Amino acid sequence: MSYQTSHPSDTQALEAVVEKFGIPNLHLVIDLRILQDLRTMLDSDGDQFVAELLDIYLTDAPLRVQMIKDAAANGERTKLQSGSRFALS
């Protein structure tokens, strides 16, 4: 799947890439300025990179949140303390 947009380094083009994921208010959890900087640094590959990064984030984050919820429900304090280091399989 290609997420290429015209590549002027502007917010509208980045928003077009982000909108393809259909996640409302994504800008509330992801700093679009950082994505824009990455997009600009990578020039013609920037849109694809941002799209892949968002895809990884949107796949990984719910799994990590569930693992934290499970650890909390089971009283697994050690897992909660290292929640950011959960190994996903």
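Computed from a predicted structure; not experimentally measured. (Residues numbered from 1 in each chain as written. Predicted model: local features only at pLDDT ≥ 70, side-chain atom pairs only at ≥ 80, totals over all residues. Heavy atoms only, no water.)

Draft legend 1. Main features of the pattern of salt bridges. On inspection of all chains with the given rule, the structure shows 3 salt bridges. Across the pair arginine 33 and aspartate 31 runs a salt bridge whose closest N-O atoms are separated by 3.0 Å. Judged by relative accessible area, aspartate 31 falls into the partly exposed class, the value being 33%. Residue arginine 64 pairs with aspartate 60 through a salt bridge whose shortest N-O separation is 2.6 Å. Placement of both arginine 64 and aspartate 60 in helix α3 (residues 46-73) is noted, with a separation of 4 residues, approximately one turn of the helix. (Salt bridge = Lys/Arg side-chain N within 4 Å of Asp/Glu carboxyl O. Buried < 20%, exposed > 50% of the residue type's maximum accessible area, 1.4 Å probe, protein only. Helix = DSSP H or I, 4+ residues; strand = E, 2+ residues; numbered from the N terminus.)

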